[in-house]
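Now for the letters of each chain:
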Amino acid sequence: MNFQKEFPMKIGFVFHKDPCQPPVGIDILRLNALTESLKKRGMHVDILAPVGKPCLTACGTSVYPVDYLQNNRQYDILKTCYHFSMELIADFKGPVVSRLVRVVDENLPERDETWRLRLLKCQEMIRKRSSAVIFNNKENAERWRRLYGKPENIMLIPTGCPSVLPSKGRSPYDSNEQAVLFLGSLASGRMAEMISKIAERLKGVARVHYIGQNKCRLYGNGQTWRLSPSIVQHGEKKEDSIWNYIRHARIGLAVAPGPHLFDNDLSKIYSYLRGGLRVLSEERIINNDLVKITEWGNIFRYGDVDDAAATAVLMMKEQISGHEETVMSYMAKEHNWENRAFRYHALFRQLQAEARKTWPY
């Protein structure tokens, strides 16, 4: 079916930073995957961001300055990607779809204290302005309902993973070591402290490798948390090379940013499982349901470093069964980005049909 002819739509993804510049974290990978998938379904998709001049993302999506939204209605629908994207939509009059990672209130989560007032202001803007609000999980959807009501405009669209991976290359690790991989941003001092302690406990048995950006200073009291020297820090890597680190590691490590379930949605678990990597995950992480469903990992007690290290040692002694191929296929089929884009596509079509009844705005 030719979606472009039957449902002509122009969608603007409003992003909070320049998506053409490094580092390339999960936020950029998600942005590229969804925009590319929607374009394949016949939609015209641009990204609107705080950039000085137009550019192209790695997947070829056009990026324009947010000023393009001033005093015109060239987009049918805008999709904001995070809290602060809502500040960039100016006086756009059409439907707005907003996505939130977590919902803050007057007290929680504690690590958002620095930005709390601004985040609450953005949530109030979303409440007043958005036609639909997207969440990764039911925990944050429930928080939104309790704080703002309007349950009819809430949708759950979780994080995804690629349906196709690059070819497996040579191992990036020392041939004599057992590699435990921690992937993604460090977004709380607790995360830095936990992986440092686990790395110290595993000295002589395994080495913890870290790929990502240390963002601890952006949260809480602004303290810069240093990692244990036992951890091999690789910094940010391009997506293709990240999959090699995942597929050659022995364990994928996940630790909770804090004690509250709603604040612990970790996309790294999708990546670990998609790459066939067994997961060692802490209690109170939302995505542990995937670890249980796939039966490809273990969950250690919250805050218990000894339990984490002991479980890791047991996992490294176990023989690999070949079950990883089943897990990889399951993730590719059930949680691919194309499935996530299909949900957005259906929502955009619905909102466009409703908006046509009241055009011009």
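Residues numbered from 1 in each chain as written. Predicted model: local features only at pLDDT ≥ 70, side-chain atom pairs only at ≥ 80, totals over all residues. Heavy atoms only, no water.

**Side note on the overall build of the chain**
Heads up, the rule is: Helix and strand definitions follow DSSP, with helices as H or I runs of at least four residues and strands as E runs of at least two, each counted in order from the N terminus. Within these notes, the globule rule equals 2.2 Å times the number of residues to the 0.38 power, and the radius of gyration is based on C-alpha atoms. Relative accessibility under 20% of the residue-type maximum defines a buried residue, over 50% an exposed one, and the middle range a partly exposed one, all with a 1.4 Å probe and only protein chains included.
Helix and strand content of the chain: 11 helices and 14 strands. Relative to a compact globule of 361 residues, whose C-alpha radius of gyration would be 21 Å, the chain shows 21 Å and is just as compact. Principal-axis analysis of the C-alpha atoms gives the chain an extent of 65 × 45 × 35 Å. For the chain, with 361 residues in total, the buried portion stands at 53%.

**Focus: the packing of aromatic side chains**
Our working definition: The aromatic pairing rule takes the rings of Phe, Tyr and Trp, using the six-membered ring of Trp, and pairs them if the centres are within 6.5 Å, calling planes under 30 degrees apart stacked, those over 60 edge-to-face and the rest tilted. The criterion for a charge sitting over a ring is simple: Lys NZ or Arg CZ within 6 Å of the ring centre, and within 35 degrees of the ring normal.
Inspection of the entire model under this criterion finds eight aromatic pairs. Seen in terms of ring centroids, Phe15 and Tyr82 are 6.2 Å apart; in terms of plane orientation they differ by 65°. Their pairing is edge-to-face. Of the two residues, Phe15 is situated in the loop between β1 (10–14) and α2 (26–40) and Tyr82 in the loop between β5 (77–80) and β6 (96–100); the sequence distance between them amounts to 67 residues. An identical accessibility class is assigned to Phe15 and Tyr82; each is buried. Among the aromatic residues, ring-to-ring pairing joins Phe135, Trp144 and Tyr148 into one connected group. The lysine or arginine in question, Arg99, covers the ring of Tyr82, its NZ or CZ lying 5.5 Å from the ring centre.

**Some details on the state of the cysteines**
Defined simply, a disulfide is a covalent bond joining two cysteines at their sulfur atoms. The condition that has to hold: When two cysteine sulfur atoms are found within 2.5 Å, that pair is recorded as a disulfide.
One pass over the structure, following the stated rule, counts one disulfide. Across the disulfide, Cys20 is cross-linked to Cys55 (sulfur-sulfur distance 2.4 Å). Given an S-S torsion of about 85°, the disulfide between Cys20 and Cys55 has right-handed geometry. Highlighted residues: Cys20 in the loop between β1 and α2 and Cys55 in strand β3 (residues 55–56), separated in sequence by 35 residues. The class of Cys55 is partly exposed, set by a relative accessible area of 23%.

**Focus: helix α5 (residues 189–201)**
Helical geometry: 3.6 residues make up each α-helical turn, so side chains three or four residues apart lie on a common side. How we decide: Expected span, for any helix, means 1.5 Å times one less than how many residues it has.
Look at α5: 19 Å from first C-alpha to last across 13 residues, which is about the 18 Å you get at 1.5 Å a residue. Within α5, burial applies to Gly189, Arg190, Met191, Ala192, Met194, Ile195, Ser196, Ile198 and Ala199.

**With respect to the confidence of the model for the chain**
To keep it simple, the criterion reads: A score from 0 to 100, pLDDT tells how confident the predictor is in each residue. When checking whether two residues touch, look at their non-hydrogen atoms; a contact exists if any pair is within 4.5 Å.
Model confidence for the chain is summarised by a mean pLDDT of 93, while 96% of its residues fall at 70 or above. Every residue in residues 1–5 scores below 50 in pLDDT, and together they form nine contacts with partners more than four places removed in sequence or on other chains.

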